[in-house]
Structures are given as structure tokens and as C-alpha cells.
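Below are the chains, spelled out letter by letter.
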Amino acid sequence: RTLREIYVKGFEIAIRESQPWTVMCAYNKLNGVYCSEHPTLWNQLLRKEWGFQGIIMTDWGACSDRVKGINAGLDLEMPGSYGAYDSYVEKAVLKGKIQGTALDEMVERNVCLTLLAQEARLAKQQQQQSVQAA
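Below is a summary of the structure that appears in this document. (Residues numbered from 1 in each chain as written. Predicted model: local features only at pLDDT ≥ 70, side-chain atom pairs only at ≥ 80, totals over all residues. Heavy atoms only, no water.)

Glancing now at the nonpolar core. Among the nonpolar cores identified, the biggest contains 14 residues, and I15, V23, W42, L46, W50, F52 and I56 are the most heavily contacted of them. Listed by contribution, the elements that provide at least two residues to this core are β1 (22-25) and α3 (39-49). At 4 residues, the largest contribution of residues to this core is made by α3. Other than its neighbours up to four places away in sequence, I56 contacts V23, W42, L46, R47, G73, L74, D75 and L76. (Core = buried A, V, L, I, M, F, W, Y, C linked by side-chain atoms within 4.5 Å. Buried < 20%, exposed > 50% of the residue type's maximum accessible area, 1.4 Å probe, protein only. Helix = DSSP H or I, 4+ residues; strand = E, 2+ residues; numbered from the N terminus. Contact = heavy atoms within 4.5 Å.)

Written as C-alpha cells, this is what we have:
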């Protein structure tokens, strides 16, 4: 109750009112679970209750377990592991340890962000060209 009423209320307002493209998770643990692996924060609270549709990324180096992160709704590990966790993810997929469509949904959100960014860049270029032509 305290978490919802005091600590995350400001985040809820920001998410609901501005619908940001990205949210960054913290290094620390919440109730014994690393924030990058916390399904209640990401899948339940942020996505289901608040309607967040963007991607959730780690702070630099905040990924503890990539497979748990994927299952929790984490979309992007920063700054990236240069493939260090790829074999773990592959093995988890083969063993059925990644829940349902979690990996597909993560990929889809990352592709959507890329397309949104490209669209915004093109719109900015068009606006700049219109101003220069005037």
C-alpha cells in the first residue's frame, strides 16, 4: 500500500499523462527482487494497470539475470552485453523457461520504438525543410 500511495504515485501520473517511449529501471532490489527482474512492477503495474506501451530498459549495468528480466517484461539491457547472455536466453527458450510470448513481445516493443524514432526523425527533417523554404 505504501509503495502505491507514496513511492510510485508520481511515476503513475507521469506514465498515464505523457505516455513516454521508455522507462529505465533501477539497480536496487524491491522486496528482495532486482528491479530489472520484477514482474509485478513491469508487467502488472506499469503495463496492465497504467497502460504503458513503451520499452523498459535497464540502467547501465543493472541487468542481473537476462532471462528473469525478459519474463518480467524487461525489453532492453543497457549498454548491452555484446552477446554475453545470448546463450542463456537461447537455452531458456529451448527449455521453455521464457514465459509464453515474452520474447516475441520484447522484440515487437523494440521494433516499435525503432520505427517511432525513425518517424519522429523524418517529421523533424520535414519541419526543418519547411522552415528553410519559407
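The subject of this paragraph is the layout of surface pockets. Here the largest pocket is characterised by a volume of approximately 410 Å³. At the level of secondary structure, the elements contributing two or more residues to the lining of the largest pocket comprise α1 (2-7), α2 (9-18), β1 and α3. Partitioned by chemical class, the residues of the lining of the largest pocket number 17 nonpolar, 1 polar and 1 charged. Here the second largest pocket defines a volume of roughly 180 Å³. As for the second largest pocket, its lining consists of S64, D65, R66, V67, K68, Y85, Y88, K91, A92 and K97. Of all the secondary structure elements, the ones that give two or more residues to the lining of the second largest pocket are α4 (66-72) and α5 (86-94). (1 Å grid on protein atoms, 1.4 Å probe; cavity = no way out; pocket = protein on both sides within 12 Å on 5 of 7 lines; lining within 4 Å. Points joined across faces, edges and corners; volume = space filled by probe spheres on them. Nonpolar A, V, L, I, M, F, W, Y, C, P; charged D, E, K, R; others polar.)

As a further point, take the packing of aromatic side chains. Scanning the model with the defined rule gives 1 aromatic pair in all. When the centroid spacing of 6.1 Å and the interplanar angle of 50° are considered together, the rings of Y85 and Y88 count as tilted. The lysine or arginine in question, K29, covers the ring of Y34, its NZ or CZ lying 4.7 Å from the ring centre. (Phe/Tyr/Trp six-rings, centres within 6.5 Å; stacked < 30°, edge-to-face > 60°. Lys NZ or Arg CZ within 6 Å of the ring centre and 35° of its normal.)

Structural measurements only, silent on function.
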